[in-house]
Amino acid sequence: MESDFITIIFSAVLSLGGVWALVSGFDDDDNDQDGGGTGSPVLTPSYIGSPA
């Protein structure tokens, strides 16, 4: 009976640790600051005026 309780506690700790590792793996930093969160840089068009 006591070994069943220890097994249940051990598996609960392992499962909670796995859930924590999975959730902490998602990074919601938006490094490119475009709001999309894709990590690709935002390309802004540059307009060249007429030479005249």
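Look above for the structure.
Here the residue index of a chain counts from 1 through its sequence in written order. Restriction of local features to residues with pLDDT of at least 70 applies here, the model being predicted, together with a cutoff of 80 or more for giving and counting side-chain atom pairs; totals for whole chains, interfaces and linings are based on all residues. Heavy atoms from the whole structure form the basis of all side-chain values; hydrogens and water molecules are not counted.

**Quick look at a nonpolar patch on the surface**
- Residues Phe5, Ile6, Ile9 and Val13 make up a contiguous nonpolar surface patch of about 420 Å² in total accessible area.
- As for its placement among the helices and strands, Val13 is situated in helix H1 (residues 2-24).
- The exposure class of Val13 is exposed, given its relative accessible area of 55%. For patch building, the residue pool is restricted to those with more than 30% relative accessible area and no salt bridge; the joining distance is 9 Å between like charges and 5 Å between nonpolar side chains (Val, Leu, Ile, Met, Phe, Trp, Tyr). The accessible surface values rely on the Shrake-Rupley method and a 1.4 Å probe; as for residues, cover is taken only from the protein chains in view. Think of a salt bridge as a Lys or Arg side-chain nitrogen and an Asp or Glu carboxyl oxygen that are within 4 Å of each other. Where helices and strands are cited, they refer to DSSP runs of H or I of at least four residues and of E of at least two residues respectively, numbered from the N terminus. Exposed residues in this analysis have more than 50% of their type's maximum accessible area, buried residues have under 20%, and partly exposed residues fall in between, with area computed by a 1.4 Å probe over protein chains only.

**Let's talk about the environment of Ser11**
- Tracing the backbone through its elements, the reader meets Ser11 in helix H1.
- Polar contacts involving the side chain of Ser11 include one to the main-chain carbonyl oxygen of Ile8, which spans 3.0 Å. Counting of polar contacts relies on pairs of N or O atoms within 3.5 Å, with two restrictions inside protein: one atom must be capable of donating a hydrogen and the other of accepting it, and residues adjacent in sequence are counted only when both atoms are side-chain atoms.

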